Amino acid sequence: MKRPLNPTSRRKRPCRMPRIAAAILLTALTAIAAPKARADEGMWLPSLIGKRIDDMRAKGFRLTAEDIYSVNKASMKDAVVLFNGGCTGELISPEGLLVTNHHCGYGAIQGHSTVEHDYLTHGFWARDRSEELPNEGLWVRRLVRMEEVTDRLAAGETAEKICEEAAEKGRYRTAIEQMYYGNQQFLFVYEQFDDVRLVGAPPSSIGKFGGDTDNWMWPRHTGDFSLFRIYADRENRPAKFSRENVPYRPARYFPVSTKGIREGDFTMIYGFPGNTQQYVTADAVAYVVERSDPMKIDLRTRRLEIISAAQEADAAPRIRYAAKHASIANAWKKWQGELLGLQRLGTVAQKAYETAFARWAADRPEYAHLLDSLRAAYRSATEGYYLQELCNESVKGIELATLAAALKQYAAKPSEALAERIAKLYRDYDPAIDRRVAVEMLRGLEQYHPRPLPEAYTAETTRCKGVEGYAARLFDASAIVRFDAVEPLLRDTAALRAALQREPVLHLVGIFDRGRIPRNLSNLPAVERWYRPYMKALREFDRERPFYPDANLTLRVAYGQVAGYWYADAVYHRPLTTLDGIIAKDDPTVYDYDIPQRLRACHAAKDYGRWSIPTADGGVTVPVCFLATNHTTGGNSGSPVVNADGELVGINFDRTWRSTMSDLQFDPAICRNIAVDIRYVLFTIDRIGGAGHLLKEMELR
């Protein structure tokens, strides 16, 4: 049966399925994380990893805490970078070669792609340094050091002074981050590199094999990697792009293992996880399950259906909307898995833990009120937070609103960089698609907004005779729909400001928008103020529990082992997939499953070179992806997966679908991260890309 390009064209809208029964919802409300950090749960601060090293060594790790993190010598931390603010990358050669996920480099690959030179479809491989492609606005950061500054702040030093001193007159980027809801504060010092060039990327039918259909699923067969190179000045220091720059010489890079992995092998992930909420109460999870996720899933489903239909009809929007579609769909599918996982978990142990805490706190005046105070704070804050989330997913889901926001920013403070960003937004913009999206977003807004709707909004829809008429007016009365009309305004900011004052979409945004909100309901100041004493109380209440701070896009270590899991009764998911599985899914009629002919030829001839492994029937194949028990989340995309000797064995890129609830609760029985096997990466570079010269840079073991 022919698969559609994207699953949205065949999948029912999640919010239009029958409502989850109240009894099931009750089982989904996770009070807080499990009473003890079990198995391989945890995202540990690398500067404090010495406290975990005995457990790591008991599970097979053969190196030291100093090998992981050190400020006195080169360590693994020097080979790990924050990639463009949302992913992780790792250095794999002494000449600045960096590997991350294909989906992390997707925007850069798309930015260099045209219908004539479609690097998304066909891949890209620089044959030498002169062909490596610069990427405006792409940067990476290396952690120089981190240190706790809780006592310094308590003693009266200001965060500004601490950061300014650590920045060393602008040499470094600095930030103070909160751990345990502010019970501890850490200074992070980074070195940022702004000259990062595209070196290689497989065809999307390898790097994004399976598309949204396979996203978050197992078994997985995605070669999710791309290659970049960091450039620096001749003193090896960060510099803006220049043809005079030279490849960066890192203090440490990862050797690459070609020995492979087996079930039970130790694995460690080193990266920048973005966001978890391991210690929130039932009120927070109830909001996610009952209100937030269902609304967001439905509105994104509507957007994806419109975009997918346009992509299937024409190659031009397929390319222009590739990165946008992937971005919208990634969280959309993650939220669906999160709902399923929370429904499956149940709450008996968690509610018992919360009840036990309440009993313990009852005769401690400083803590006795905490749960009641948290519940009251959630009751007060939830509605406003929900309305802003609804605005973000509906009104701000209209691309015209994004264009207007960028132009408004430019009118306030013009810059060449922002002008280039605006021009790129228009290059990837199709007003006809956006018109259709606008109608659906306004319908969704009315469906999910509590009654009554704001008077200013109902006045507009009444004047325009309904949602369709109002959506049409947003475009027909707009001065910014097309770039040929906007371009002259970029040279006359007074005229631009005047045009924006009349812009209908900005009026619509103004009706509903209440500004930026934290990523989680629990991080609203009115709620979060209670989590600081609550976390302090929890750590006193349960002294045997090894607490780790929630993820906040700072460098962390997670460790575990290669492991499959029981997916269902009598269904065991083994932890390794192979090229044979790719061939079984291969479908030339479907973009996301139409593998390169070269890959088919390699399989037919068993032309695998040194990258083959034996099969049970006496044949050979190539490993593709594997599962492990490492605790990961968004931001860990691209993170190195290393073995017990610190050698790179894989690149993390995903979790299994029912693992996505691990942002709220980690279940060791079923939570698994997914990595592309480094041997498949090497095979693709060598046999598919014909870029064997890149392998010569690496330290292959």
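Just above sits the structure.
*Asks:* Sorry if this is basic, but what is going on with the pattern of salt bridges here?
*Replies:* Should their charged atoms come close, side chains of opposite charge can pair. According to the stated counting rule, one finds 55 salt bridges in the structure shown. A salt bridge links Arg142 to Asp78; the nearest nitrogen and oxygen atoms lie 2.8 Å apart. Taken as a pair, Arg142 in strand 6 (residues 140-148) and Asp78 in the loop between helix 3 (65-68) and strand 1 (80-83) lie far apart in primary sequence, 64 residues in all. Across the pair, Asp78 and Arg142 agree in class, each one buried. For Asp428, the salt bridge is made with Lys424, and the minimal N-O distance between the two is 3.2 Å. Classification of Asp428 by relative accessible area gives buried; the value is 16%. Taking relative accessible area as the criterion, Lys424 reaches 33% and is therefore assigned partly exposed. Among the charged side chains, a salt-bridge network with shared partners connects Arg145, Glu147, Arg152, Glu157, Lys161 and Glu165.

*Asks:* How do you make sense of the pairing of strand 7 (residues 173-179) when you look at a structure like this?
*Replies:* Residues in a regular strand point their side chains to alternate faces of the sheet. Bridge count between strand 7 and strand 8 (residues 184-193): seven bridges; the pairing is antiparallel. Within strand 8, the residue paired with Thr174 across the bridge is Val189. Counted between consecutive antiparallel strands, the loop separating strand 7 from strand 8 contains four residues, among which Tyr180 sits at a positive phi close to 55°.

*Asks:* Mind showing me how you'd approach unusual backbone geometry here?
*Replies:* As a rule of thumb, non-glycine residues mostly have phi less than zero, and peptide bonds are mostly trans rather than cis. Each neighbour pair has its own omega, and for Trp218 with Pro219 the value is 5°, a cis peptide bond. Residue Arg451 is joined to Pro452 through a cis peptide bond whose omega torsion reads 0°. Relative to the helices and strands, Pro452 is located in the loop between helix 17 (431-448) and helix 18 (455-463). A positive phi angle, close to 55°, is found at Tyr181, a residue other than glycine. Here Tyr181 is to be found in the loop between strand 7 and strand 8. Phi is positive for Trp216, which is not a glycine, with a value near 70°. Accessibility expressed as a relative area gives 7% for Trp216, which makes it buried.

*Asks:* Explain the side chain of Asn636 here, please?
*Replies:* As for its placement among the helices and strands, Asn636 is situated in the loop between strand 19 (623-628) and strand 20 (640-642). Its relative accessible area of 2% is what places Asn636 among the buried residues.

*Asks:* Even after reading the chapter, I still don't get the sheet that holds strand 21 (residues 648-655), so can you show me in this structure?
*Replies:* Sheet strands associate in pairs through backbone hydrogen bonding, adopting either a parallel or an antiparallel arrangement. Pairing in this open sheet of seven strands is antiparallel, and the strands run 13-12-20-21-22-19-16 from one edge to the other. Across the chains shown, the open sheet's two edge strands, defined by having one partner strand only, are strand 13 (556-561) and strand 16 (576-578). Geometrically, the sheet is characterised by an average inter-axis angle of 30° between neighbouring strands, direction not taken into account. As paired strands, strand 12 (residues 266-271) and strand 13 are joined by six bridges and run antiparallel to one another. Paired with Thr267 across the bridge in strand 13 is Gly560. Where helix 26 (residues 678-688) meets the sheet, its contacts fall on strand 19, strand 21 and strand 22 (673-677), and the angle it forms with strand 22 comes to roughly 35°.

*Asks:* Explain the environment of Ser257 to me, please; I cannot follow it from the model alone.
*Replies:* Turning to its location among the elements, Ser257 is positioned in the loop between strand 11 (246-247) and strand 12. Residue Ser257 is classed as buried on the basis of its relative accessible area of 1%. Setting aside residues up to four positions removed in sequence, Ser257 forms contacts with Asn643, Glu647, Leu648, Val649, Ile678 and Arg701. At 3.2 Å, the side chain of Ser257 and the backbone nitrogen of Lys259 are in polar contact.

*Asks:* What's the story with the packing of helix 19 (residues 467-476) against helix 22 (residues 504-512) in this structure? I'm lost.
*Replies:* Packed helices, taken two at a time, are described by the angle between their axes plus the distance between the axes. Following both chains from N to C, one finds helix 19 and helix 22 inclined at 125°, their axes separated by 7 Å at the closest point. Put simply, helix 19 runs oblique to helix 22. Only Pro504, Val505, His507 and Leu508 of helix 22 make contact with helix 19, whose side of the interface consists of Tyr470, Arg473 and Leu474. Of the residues that constitute the contact of helix 19 with helix 22, the class distribution is five nonpolar, one polar and one charged.

*Asks:* Which parts of the structure should I look at to understand the packing of helix 10 (residues 282-313) against helix 17?
*Replies:* Direction vectors running N to C along helix 10 and helix 17 enclose 160°, while the axes themselves pass 10 Å from each other. Regarding the angle of helix 10 to helix 17, the classification is roughly antiparallel. In this structure, the crossing between helix 10 and helix 17 has a hand that is right-handed. For the pair formed by helix 10 and helix 17, the contact residues are Pro294, Met295, Asp298, Leu299, Arg302, Arg303, Ile306, Ile307 and Ala310 on the first element and Ile433, Arg436, Val437, Glu440, Met441, Arg443, Gly444, Gln447 and Tyr448 on the second. Here the residues of the contact of helix 10 with helix 17 sort into 10 nonpolar, two polar and six charged.

Here is what the cut-offs are and how they apply
Residues numbered from 1 in each chain as written. Predicted model: local features only at pLDDT ≥ 70, side-chain atom pairs only at ≥ 80, totals over all residues. Heavy atoms only, no water. Salt bridge = Lys/Arg side-chain N within 4 Å of Asp/Glu carboxyl O. Helix = DSSP H or I, 4+ residues; strand = E, 2+ residues; numbered from the N terminus. Buried < 20%, exposed > 50% of the residue type's maximum accessible area, 1.4 Å probe, protein only. Pairing = 2+ DSSP bridges. Axes fitted to C-alpha atoms, helices over the stretch in contact; angles between N-to-C directions. Contact = heavy atoms within 4.5 Å. Polar contact = N/O pair within 3.5 Å; in protein donor to acceptor, adjacent residues only side chain to side chain. Parallel < 35°, antiparallel > 145°, perpendicular 65-115°, else oblique. Nonpolar A, V, L, I, M, F, W, Y, C, P; charged D, E, K, R; others polar. Left-handed = near helix turned anticlockwise from the far one by under 90°.

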